[in-house]
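Tertiary structure, described
Read off the chains here:
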Amino acid sequence: MSDLEKAIKEWTKELRKNPAFEESHILEMESHLRLQVDEYVADGMNEDEAFRKASEQFGDLEPIGDDVYKVRTTKMIARPSWKESVWVPLLFQNYLKTLGRNISRNKFYTSLNLVGLTIGITCCLLIILFVRDELSFDRHHENADRIYRATLEYKDLMGSTTWAPIGPPVAEGLKNSIPGIEKTVRLFPVSGSYYVFKRGDELFKAENGIYADSSLFDVFTYPLTYGDPKTALARPGGVVLSSEMAKALFGNEDPVGKTVQVVDWGNTSVTVRGVLAEMPSTTHFPFNFILPLATYYKYVAGPNFNPDDALTWSGFYTYVLLDEKASKDDVEAKLPSFIDTFYGSVAPPERMASDIATMHLQPLTDIHLHSNLEKEYRANGNMIYIYVFGVIAVFILLIACANFINLTTARASDRMREIGIRKTLGAGRPQLAFQFLGESIVLSMLSLLMAYGVTILLLPLLSQITGKTFTTEILYTPMILWSFIGVSLFAGFISGIYPALHMSGFSPSKVLKGFIPNSGGNAFLRKGLVVFQFSISIFLIIGTIVVYTQLDFIRSEQMGFDKEGVINIPVFGEFEDLIHGQALTIKQELLRNPDIISVSIGGDYPGKRFSVEDVVPDGRSEDESVSVRIADDGTDHDYIKTMGINLVAGREFSRQAPTDTNAWIINEAAVKELGLESPIGHVLHWRGSYSGPIVGVVEDFNFRSLHNEVEPLVIPLNPNSGNFLFVRTKAANISSVLSFLDEKIKEFAPSNIFEYSFLSDEFDKLYRSEDQMSQVFWYFSLMAILIACLGLFGLSTFMINQRAKEIGIRKVMGASVHSILILVSSNFVRLVVGAFILTTPIVYLVMDRWLNSFAYKIDLGVWMFIVAALMVLAIALTTVGFQAFKSAISNPVKSLRSE
Amino acid sequence: MISKSLVAASSRPLLLTILSWGENYGYELIQRVRDLSGGVLEWSDGMLYPVLYKLEKDGFAQSRWDMKEGGRPRKYYSITPKGLEELEKEKAHWVNVNAVLHQVWSMKPSLS
């Protein structure tokens, strides 16, 4: 084919592409072109030139196509359908103008929409920040996907208990026996409240220390600003400090090689071997300083105790780092046989160790939100809250969107004209829908900006409620920014899609004739949305009432001991030595204060975790030992009195009774558990070294949170031990007692740093997450109700305006203000009642389930539902009422005249 | 350059006139227009066809395909009686308009 032929074929192809031309047109025009080309060639031009000139002369095919289309079409505005564009840049200007005009003409409704959306988006943003923080725990370690915590599940008399820490020698055993485990590291929190470090003459409080294997830095990612991670924990005698501690102790100088003295160790010196770079707070095991585990082995555990012998002591948190190629399932499959071998020596006769004990590998990143084992490093979070808060945030956003939809569709009639005209001028339905959708997205973006600002303002409040720290820097990370944008796009889309589709479907001819489509379906949707909004609000309000009542109940419930008025004073260092040696003297001194009723030295207190041990009642064999909770950290003769625990049988420990050196006091649950008919006098054996008679029985008291039933508890006598001074006062004037205590203690131990807390507060800490939840519920209820009211306000205003004429007529006919009010409000009241009926069963079920997680709970009283209903009703009525009242007292002449 | 609207407005009477002289096909029609207008009217070739199709749609012209043996088929247009009527009307309109303009342009400006 010659080039000319090819060129002509191309040209014809272009023609064909244009839908305006029919086949006969194409034939004709091709023929025309050929004739022209032939003529030019005959004139002497070469083929290329001829074709070029001829096609140029023919003209641009597109405008010709448009003109041909105009001939063919019957449309008034003959824009070909294939050329119709949804996005026309010039039109875009018009859209913006329209939007601007809309906003300024309807400031009232637009601002309602904006405020509602802003609140909704803000709630979502705050929740996103919280959830992101919670989900990111422990992920900052490089090897996070390969790190697991080894935990041990024992079947015992109480079913089975899984312990988070396991025996000291297990880590080494795992590494040696199981291929696939690259490294292990053990952590052991420094027990007691805190150490005191001394540098020169200054004393520093050193809290939250851990002992760790030197492999800590191989497994986890802790960059050091000073010191060498390979050697920092290798030998005993060193310490690695957090950056805050290093700063406090050494200022800005490099502390490596320098020493501090540990007061609790008789002023022994330790050498600083490293300083940790600032650590993120998102870790399930925060700590401030690290001592080599070797130190514990060599110096602290003592000459008589080799930790590696204590196979069954749940003492060390053990983490394993798997090989890159290894799979968790493979490794876990090998664990039962490992247990049989390793724990074989302690297995009960004729049974395999793996029958009783199962070892689990917990992924590191699961621990914070999914782990609630015995003796966790500290109380973890809960995945449930993430879901709950997330769902609540979504619902609040939906309420705001529902507002938008309602207000927009209700006022659709205002835009009829515009829609009609646009359609006549050739706007297609997609184009219109796009315009309306665009409007709602622009509004939601505006809301986003405002929400961003509000979020910044609310960050401190969020930090306070959740106990985390949120700084404005977080708001600038790309992930957060994108999720914010995503949320508002979502809101804009959801709010706008229905009105866009609905309104773009209006038929212009009908509209311009004044026919307003206000079909039944439309009103149904509107009512449905209002019911939806109020349902969520009612749910949140009832939820708040229930949670608050339950927490209140817990706090004030008779716990079996009197937690009010007890001051906990941690003792350490110099004071600790003193207090164990001169307990009586000190107590006497303190008791001189008339406001002080009783003083006790001990280690365990209700709210703190009590150890679990096995005891055997006299007359039974070793295998019949019973697992009980034990207050083994120190209890003296005044413990029962100071704690305010009620004795129901027998007596307290007495200094006068020499047999009391190994005596027990147990609680009622223990009596049952041990199966003792007459407990007083019965001897209990513990660990072969502490055996003695039970001298008293106390009422069951809640030493753990009210989530749990009271467990059997035994209290040995272990005076002059323990890290707390408990002081019971009857004081109205606590601060005078506190300063008295501070003075007195300083007399004994001048180096003491006076610290105290209240027993009731310690106990309340157990409910920290419920507390958080109740606060969140409370704030969210407020938000939800606020948004729903905004919507109701706007809707009622609009509806009332619609019915102005009707109201005017009624007034003229003699209706009283009263009856008008009822007429106008009754519609809305009905909706709220409907919402109430819908939500009540659901709320009941959900709340009942939550309450069941408590061993002690309130009943779901009918009064709670009634109060919530009345509250919501009152709020709804007030919202509607204002406008209703205005219209009821307005001059009917005005509204009727405007015809 | 004569304005597009004038060129467009004159296209119909021009074509109708040429057609009234006899049947013709697209290529020829364009040549005729070019020759007749002497460069005054700048038509691009393609402009012709929409006008032709409109004439046909309005009933002022009709077309037939002529299958030449061995050559390409050709579409011939001819004027209809209705078209002839329309032509007379258009002629009259143009003459009238022309007369008005002529008169106006020969008047002296006056303040009355």
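A word on the overall build of chain A
A tally of helices and strands in chain A yields 30 helices and 24 strands. Across the 899 residues of chain A, 50% fall into the buried class. Taking all contacts inside chain A whose residues are at least 6 apart in sequence as the whole, residues at least 24 apart take part in 79%. Total accessible area on chain A stands at roughly 41400 Å², and carbon and sulfur atoms take up 57% of it.

Looking at the pairing of strand β3 (residues 181-189) of chain A
Residues and elements named next belong to chain A. Relative to strand β12 (residues 317-322), β3 is paired through 6 bridges, and the arrangement is antiparallel. For K183, the partnering residue across the bridge sits in β12 and is L321. Alignment of β3 against strand β6 (residues 209-212), held across 3 bridges, turns out to be antiparallel. Within β6, the residue paired with L187 across the bridge is A212.

Points about the pattern of salt bridges
A complete count under the given rule lists 34 salt bridges over all chains for this structure. Among the ionic pairs, K205 of chain A bridges to E207 of chain A, the shortest N-O distance being 3.7 Å. Between R12 of chain B and E86 of chain B there is a salt bridge, and its shortest N-O distance comes to 4.0 Å. One end of the pair, R12 of chain B, is in helix α1 (residues 4-20); the other, E86 of chain B, is in helix α4 (residues 81-106), and 74 residues separate them in sequence. Residue E86 of chain B is classed as buried on the basis of its relative accessible area, which comes to 16%. Several salt bridges share partner residues, and in doing so they unite K587, D636, D638, K641 and R655 of chain A into one network.

A short note on the interface of chain A and chain B
In this complex, chain A contributes 21 residues to the contact, which on the side of chain B involves 21 residues. Summing both sides of the interface, chain A and chain B together bury roughly 1800 Å²; the carbon and sulfur share of this comes to 59%. Its largest share of buried area at the contact with chain B, chain A owes to E28, H32 and V71 of chain A, together 35% of the area lost on that side. Taken together, the connections running from chain A to chain B amount to 1 salt bridge. Taking the shortest distance from any N to any O, the salt bridge between E28 of chain A and K75 of chain B comes out at 3.7 Å. Taken together, chain A and chain B are joined by 9 residue pairs in polar contact (both at pLDDT 80 or more). Elements with a minimum of two residues in the side of chain A that touches chain B: α2 (23-43), α3 (47-58) and α4 (61-72) of chain A. Top element by residues in the side of chain A that touches chain B is α2 of chain A. It accounts for 12 residues. Residue composition of the side of chain A that touches chain B, by class: 7 nonpolar, 8 polar and 6 charged.

Some points on helix α24 (residues 734-748) of chain A
For an α-helix, 3.6 residues make a turn, and residues three or four places apart therefore share a direction. Residue and element names in this part refer to chain A. With 15 residues, α24 extends 21 Å between its outermost C-alpha atoms, agreeing within 8% with the 21 Å of an ideal straight helix rising 1.5 Å per residue. Among the residues making up α24, those that are buried are V737, L738, F740, L741, K744, I745 and F748. Taken end-on, α24 shows its buried residues confined to a sector of 160°, consistent with a single buried face. In this structure, α24 carries S735, E743 and E747 as exposed residues pointing more than 90 degrees from its buried face.

Describing the sheet that holds strand β1 (residues 24-25) of chain B
Residues and elements named next belong to chain B. The antiparallel open sheet is built from 3 strands, whose spatial order is β1-β3-β2. What marks the edges here is a single partner per strand, and that holds for β1 and β2 (61-66). Each of β1, β2 and β3 (74-79) is contacted by α1, which is oriented at about 95° to β3, the strand it contacts most. Against the sheet, helix α3 (residues 48-57) engages β2 and β3, with an angle of about 55° to β3.

Details of the confidence of the model for chain B
Residues and elements named next belong to chain B. Model confidence for chain B is summarised by a mean pLDDT of 87, while 95% of its residues fall at 70 or above. Per-element confidence in chain B ranges from a low mean pLDDT of 88 for helix α2 (residues 26-37) to a high of 93 for α4. The complex model carries a pTM of 0.68, and its ipTM stands at 0.86.

Overview of the packing of α2 of chain A against α2 of chain B
α2 of chain B packs onto α2 of chain A with a crossing angle of 55° between their chain directions and a minimal axis gap of 9 Å. Overall, the two elements α2 of chain A and α2 of chain B adopt an arrangement that is oblique. Note on element contacts: α2 of chain B touches α2 of chain A through G26, Y27, I30 and Q31 of chain B, opposite H32, L35, Q36 and E39 of chain A. Taken together, the residues that form the contact of α2 of chain A with α2 of chain B break down as 3 nonpolar, 4 polar and 1 charged.

Section: the sheet that holds strand β14 (residues 566-570) of chain A
Residue and element names in this part refer to chain A. Within the open sheet, the 4 strands sit side by side as β15-β23-β14-β24. Their pairing is antiparallel. The two strands at the open ends of the sheet, each matched to only one other strand, are β15 (596-602) and β24 (757-758). Here β14 pairs with strand β23 (residues 724-729) via 5 bridges, running antiparallel. Residue N568 lies in a different strand from β23, and its bridge partner there is F726. Against the sheet, helix α21 (residues 583-591) touches β15 and β23, its axis set at about 155° to β15. Where α24 meets the sheet, it contacts β14, β15, β23 and β24, and its direction lies at approximately 30° from that of β14.

Concerning a negative patch on the surface
Residues and elements named next belong to chain A. Together, D3, E47, D48 and E49 line one region of the surface with negative charge. Broken down by element, the negative patch gets its largest block of residues, 3 residues, from α3. Its location among the elements puts E49 in helix α3.

So, a nonpolar patch on the surface
All names here are of chain B. Side chains of V97, V100, L101, V104 and W105 sit close together on the surface and give an oily, nonpolar patch of about 510 Å² of accessible area. Along the polypeptide, V97 turns up in helix α4. For V97, a relative accessible area of 48% gives the class partly exposed.

Here's the deal with the packing of aromatic side chains
All told, the structure shown has 40 aromatic pairs over all chains when counted by the stated rule. Considering the side-chain rings of Y605 of chain A and F724 of chain A, the 5.2 Å spacing of their centres and the 80° angle between planes classify their relative orientation as edge-to-face. Residue Y605 of chain A is found in the loop between β15 and β16 (611-617), and its partner F724 of chain A is found in strand β23; the two are separated by 119 residues along the sequence. Linked through ring pairs, F220, Y222, F285, F287, Y317, Y319 and Y377 of chain A together constitute an aromatic cluster. One residue, R74 of chain B, lies across the ring of Y25 of chain B, its end atom 4.1 Å from the ring centre.

A word on the nonpolar core
With 137 residues, the main nonpolar core has F534, W664 and I666 of chain A as its most contacted residues. Broken down by element, this core gets its largest block of residues, 15 residues, from helix α6 (residues 107-135) of chain A. In contact with I666 of chain A, other than residues within four places in its own chain, are V671, L674, L684, I694, G696, V697, V698, L713 and V714 of chain A. V37 and Y40 of chain A together with Y53 and A61 of chain B belong to the second largest nonpolar core, which has 40 residues in total.

Scoring rules and cut-offs
Counting from 1, residues in each chain are numbered in the order their sequence is written. Chains carry letters from A onward and ligands carry numbers from 1 onward, assigned in written order. For a predicted model such as this one, the threshold for reporting local features is a pLDDT of at least 70, and the threshold for listing and counting side-chain atom pairs is 80 or more; totals across whole chains, interfaces and linings nevertheless cover every residue. Water and hydrogen atoms play no part in the side-chain values, which are based on all heavy atoms of the structure. Numbering of helices and strands runs from the N terminus, with a helix taken as a DSSP run of H or I at least four residues long and a strand as a DSSP run of E at least two residues long. Exposure classes here rest on a 1.4 Å probe applied to the protein chains alone. A residue is buried below 20% of its type maximum, exposed above 50%, and partly exposed in between. Here, two residues are considered to be in contact whenever any of their heavy atoms come within 4.5 Å of each other. Note on areas: these come from Shrake-Rupley sampling with a 1.4 Å probe, and a residue is covered only by the protein chains present in the view. Think of it this way: DSSP has to see at least two bridges between two strands before they count as a pair. Whenever a carboxyl oxygen of Asp or Glu lies within 4 Å of a side-chain nitrogen of Lys or Arg, that contact is scored as a salt bridge. Put simply, buried area is how much 1.4 Å-probe accessible surface two parts lose in total, over both of them, once they are put together. Each polar contact in these results corresponds to two N or O atoms within 3.5 Å; when the atoms are within protein, one needs to be able to donate a hydrogen and the other to accept it, and residues that are neighboring in sequence are counted only if both atoms are side-chain atoms. Each residue is assigned to one of three groups, with Ala, Val, Leu, Ile, Met, Phe, Trp, Tyr, Cys and Pro labelled nonpolar, Asp, Glu, Lys and Arg labelled charged, and all others, Gly among them, labelled polar. One less than the residue count of a helix, multiplied by 1.5 Å, gives the span that helix is expected to have. Arc definition: it is the arc formed by the directions from the helix axis to the C-beta atoms. Angles run from 0 to 180 degrees between N-to-C directions of axes, and those axes are lines fitted to C-alpha atoms, restricted for helices to the stretch in contact. Each residue carries a pLDDT value, the predictor's own confidence for that position, ranging from 0 to 100. In what follows, roughly perpendicular refers to angles from 65 to 115 degrees, roughly parallel to angles under 35, roughly antiparallel to angles over 145, and oblique to any angle outside these ranges. What makes a patch is a set of residues exposed beyond 30% relative accessible area and free of salt bridges, joined within 9 Å when like-charged and within 5 Å when nonpolar (Val, Leu, Ile, Met, Phe, Trp, Tyr). Neither His nor the chain ends contribute to the count of charged residues, in which Lys and Arg are positive and Asp and Glu negative. Lys charges are placed at NZ, Arg charges at CZ, Asp charges at CG and Glu charges at CD. Ring geometry is summarised as follows: Phe, Tyr and Trp rings, the Trp one being its six-membered ring, pair when their centres sit within 6.5 Å, and such pairs are stacked at plane angles under 30 degrees, edge-to-face over 60 and tilted between the two. Charge over a ring is defined by NZ of Lys or CZ of Arg lying within 6 Å of the ring centre and within 35 degrees of the ring normal. Note on terminology: a nonpolar core comprises buried Ala, Val, Leu, Ile, Met, Phe, Trp, Tyr and Cys residues joined through side-chain atoms within 4.5 Å.

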